[in-house]
Amino acid sequence: MAVDPGLQAWLEWDSTILDDDGEGASVGDGDGMADRGESLQFVVRLRNIGHVAAENVAAVLSTDDPRVEILDAEAAYGVIDSMGNGANGDDILVRVTDAISDGDVIPSAS
Ligand SMILES: [Ca+2]
Ligand SMILES: [Ca+2]
Ligand SMILES: [Ca+2]
């Protein structure tokens, strides 16, 4: 059966905000940069450029980098309307280990 791609939900990455303040699950100095020893909350916004709403949206963060420890990889988004966008409704949490150096870039595996 052929599927008309115009009638699908289609999610794209929109933006990521790194939260390293001392509120909620994050632990850090609040300068907006990842520093060693900090626990970072990520607000990852997705947008739906498809023509129907995306339902039961969920995301899983992964990395192969041993210098970061993923404390909470999964987040639920619920429904993202067509041409709308949404942020994760619960925490995505990553701890930066002491093995990291200033300026290092953490590759995302997916
Ligand atoms: Ca926070
Ligand atoms: Ca920081
Ligand atoms: Ca979570």
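These notes cover the structure that comes with them. Quantities reported herein were computed from a predicted structural model and do not represent experimental measurements.

A separate point is the pairing of strand β2 (residues 39-48). Across eight bridges, the pairing between strand β1 (residues 11-19) and β2 is antiparallel. Within the sheet, the bridge partner assigned to Leu11 lies in β2 and is Asn48.

A word on the nonpolar core. Generally speaking, nonpolar side chains in soluble globular proteins are found buried as a group. Grouped together as the largest cluster of nonpolar side chains are nine residues: Leu40, Ala54, Ala75, Tyr77, Ile80, Ile92, Leu93, Val94 and Val96. Taken together, the elements giving at least two residues each to this core come down to β5 (74-80) and β7 (93-96). The contacts of Ile80, once residues within four sequence positions are left out, are Leu11, Leu46, Asn48, Ala53, Ala54, Val57, Asn85 and Gly86.

Right, let's talk about the environment of Met33 for a bit. Topologically, Met33 is positioned in the loop between β1 and β2. Residue classification places Met33 among the exposed residues on the basis of 12 C-beta atoms within 10 Å. Sequence separation of Met33 and Asp20 is 13 residues, and the distance between their C-alpha atoms is 7.2 Å.

Rules and cut-offs
- Residues numbered from 1 in each chain as written.
- Chains lettered and ligands numbered in written order.
- Predicted model: local features only at pLDDT ≥ 70, side-chain atom pairs only at ≥ 80, totals over all residues.
- Pairing = 2+ DSSP bridges.
- Helix = DSSP H or I, 4+ residues; strand = E, 2+ residues; numbered from the N terminus.
- Core = buried A, V, L, I, M, F, W, Y, C linked by C-beta atoms within 7 Å.
- Buried ≥ 20, exposed ≤ 12 C-beta atoms within 10 Å, placed from the backbone.
- Contact = placed C-beta atoms within 7 Å.

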